[in-house]
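# Summary of structural features
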Amino acid sequence: MTTTIHRPARTTVSAGLAATTTSAASSADSLVTVRGLRVAYGDGPVVLDGVDLDLAPGETVALLGSSGSGKSTLMRALTGFAPVVAGSVDVAGHDLTRLRRGELRRVRADVGQVFQQFNLVGRLSVLTNVLTGALHDAGPLNWVGGFGSAHRRRAMALLDRVGIAHKANDQARTLSGGQQQRVAIARALMQQPRVVLADEPVASLDPRMSHSVLELLQEIAREDGIPVLVSLHVLPLALEHSDRVVGLRHGEVLVSAPTASLDAEALAVVYEGVEEETDDQH
Ligand SMILES: Nc1ncnc2c1ncn2[C@@H]1O[C@H](COP(=O)(O)OP(=O)(O)OP(=O)(O)O)[C@@H](O)[C@H]1O
């Protein structure tokens, strides 16, 4: 696939940009392929317009854009929850826009999700929170012992992988934000996802924790050979912890290029003409 930095007529072209480079992803090897995606909520305006996206196994793609540019909506489309007006959203060989509800539920199990607020059940143990990631394939639960021993072994192995096995029996709410996000990542991995979506996973974390959580996500992508799409508001974090960057502005993809070919100046086009606060982007 050719990658692009689009410059709409109303924006200024700054010097020195590589307008065309070669991407890591192409539709041939992509696990996720979005084409011509157009989304509108009810009778409201179009919030995604003609979006193309490819996610290849093993790559971490940073999704950038100002508040309201459509990042969460794109993530929602990848789980079949966005009101799609046109286009296709292919995840692991299934076009989500064409599936019935039951089929959609099965395909959703392939998509692991990580959220800004972790979404753990605070009063439950760390281990139980991770186990809930396997609910879709747990079968009839043994309500005395809960999940079976195979699930528990897998959950413990994942907690070990994310570095907090020693907290397994603690209540989730007693952990720090960074630790809770690691639990949430382990829970997402528990469902053995084919792709991981992380919607602003470090927005509630301090800089040190942010780096370590993003390092972990990138490591998981590489080691497990799954794509990770991570939306971020902080440019330096995106430039340090991704293989490719996709930049949205007003629902359109303006930048899609390997991270190594980009810098903050090249990405400024994504934020040009946007009035919202920009303090945390640089
Ligand atoms: N459920 C909804 N109903 C109506 N409009 C919505 C809904 N969700 C989002 N929108 C609108 O869609 C547009 C894109 O929103 P979205 O949340 O996808 O942006 P975002 O880039 O994720 O923003 P942020 O960085 O603030 O999370 C915005 O104009 C928003 O108001």
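Given the structure is predicted, the values throughout are model-derived calculations rather than measurements.

Across its full length, the chain carries eight helices and 12 strands. Looking at the chain residue by residue over its 282 residues, the buried ones come to 45%. Taking all contacts inside the chain whose residues are at least 6 apart in sequence as the whole, residues at least 24 apart take part in 68%.

With that out of the way, let us pick up the nonpolar core. One broad trend across soluble globular proteins is that nonpolar side chains are buried collectively. Residues V130 and L217 are the most contacted members of the largest nonpolar core, which totals 78 residues. Per-element tally for this core: the top contributor is helix α5 (residues 177-190), with seven residues. Among the domains, domain 1 (2-110 + 195-281) and domain 2 (121-192) are the pair contributing at least three residues each to this core. Not counting residues within four places of it along the chain, the set of residues in contact with V130 comprises A155, L158, L159, V183, A186, R187 and M190.

The predicted model of the chain averages 87 in pLDDT, with 84% of residues at 70 or higher. Here residues 8-24 is a poorly scored stretch, pLDDT under 50, and it has 27 contacts once near neighbours within four places are set aside; other chains count. Considering only residues more than four positions removed or in separate chains, one finds that residues 277-282, a stretch of pLDDT under 50, has nine contacts.

This part covers the site of the ligand. Residues in contact with the ligand, as listed here, are Y41, G44, V47, G65, S67, G68, S69, G70, K71, S72 and T73. Sort the elements by how many residues they give to the shell around the ligand and helix α1 (residues 71-77) lands first, with three residues. For the shell around the ligand, the residue count by class is two nonpolar, eight polar and one charged.

Attention now goes to the packing of helix α4 (residues 149-161) against α5. Remark: α4 packs on α5, axes separated minimally by 9 Å, with the N-to-C direction vectors making an angle of 135°. Classified by the angle between their axes, α4 and α5 sit oblique to one another. You can see that α4 and α5 cross each other, and the crossing is right-handed. Packed against α4, whose contacting residues are R154, A155, L158 and L159, the element α5 presents A186, L189 and M190 at the interface.

Before going further, it helps to spend a moment on the domain arrangement of the chain. Each assigned domain of the chain is listed here: domain 1 (2-110 + 195-281) and domain 2 (121-192). Contact residues are listed per partner, giving 11 residues for domain 1 and 10 residues for domain 2. The class makeup of the residues in the side of domain 1 that touches domain 2 is nine nonpolar, two polar and no charged.

The next point concerns the pairing of strand β6 (residues 84-91). For strand β3 (residues 32-40) and β6, the ladder comprises six bridges, and the chain directions are antiparallel. When the sheet's bridge partners are listed, V34 is paired in β6 with V89. Strand direction decides the pairing type here: β6 and strand β7 (residues 94-95), joined by two bridges, are antiparallel. Residue pairing for β7: V91 is matched across the bridge by H94.

Looking now at the environment of M156. Structurally, M156 is set in helix α4. Note: C-alpha distance between M156 and L127 (29 residues apart in sequence) is 7.1 Å. With sequence-adjacent residues up to four places away left out, M156 is seen in contact with A165 and A168.

Take the packing of α5 against helix α6 (residues 207-224) next. Packing of α5 against α6 leaves a shortest axis separation of 10 Å and a crossing angle of 15°. As judged from the angle between their axes, α5 and α6 are roughly parallel. The interaxial crossing formed by α5 with α6 has right-handed handedness. Touching G177, G178, Q181, R182, I185 and L189 of α5 are M209, S212, V213, L216, L217 and I220, all from α6.

Further remarks concern unusual backbone geometry. The phi angle at Q192 is positive, at roughly 50°, despite the residue not being glycine. In this structure, Q192 sits in the loop between α5 and β9 (195-199). The phi torsion at E200 lies on the positive side, around 50°, for a residue other than glycine. With respect to the secondary-structure elements, E200 resides in the loop between β9 and α6.

Rules and cut-offs
- Every residue gets a number counted from 1 within its own chain, in the order that chain's sequence is written.
- Only residues with pLDDT of at least 70 get local features here, since the model is predicted, and only at 80 or more are side-chain atom pairs given and counted; chain-wide, interface and lining totals rely on the full set of residues.
- Helical segments are the DSSP runs of H or I of at least four residues, strand segments are the runs of E of at least two, and each set is numbered from the N terminus.
- Counts of 20 or more other C-beta atoms within 10 Å of a residue's own C-beta define buried residues, counts of 12 or fewer define exposed ones, and intermediate counts define partly exposed ones; C-beta atoms are placed from the backbone.
- In this description, any two residues whose backbone-derived C-beta atoms lie within 7 Å of each other are considered to be in contact.
- For this entry, the nonpolar core is defined as buried Ala, Val, Leu, Ile, Met, Phe, Trp, Tyr and Cys residues connected by C-beta atoms within 7 Å.
- Domain start and stop points were drawn from an automatic or database domain assignment.
- Confidence scores per residue from the predictor, reported as pLDDT, run from 0 to 100.
- We count a residue as near a molecule or strand when its backbone-placed C-beta atom lies within 6 Å of that partner.
- Residue polarity is assigned by list, with Asp, Glu, Lys and Arg as charged and Ala, Val, Leu, Ile, Met, Phe, Trp, Tyr, Cys and Pro as nonpolar; anything else, Gly included, falls into the polar class.
- Between the N-to-C directions of two axes lies an angle of 0 to 180 degrees, each axis being a line fitted to C-alpha atoms and, for a helix, fitted only over the stretch in contact.
- Roughly parallel refers to an angle under 35 degrees, roughly antiparallel to one over 145, roughly perpendicular to one between 65 and 115, and oblique to any angle outside these ranges.
- Two helices cross in a left-handed way if the nearer one is turned anticlockwise from the farther one by less than a right angle. They cross in a right-handed way if the turn is clockwise.
- What makes two strands pair is DSSP finding at least two bridges between them.

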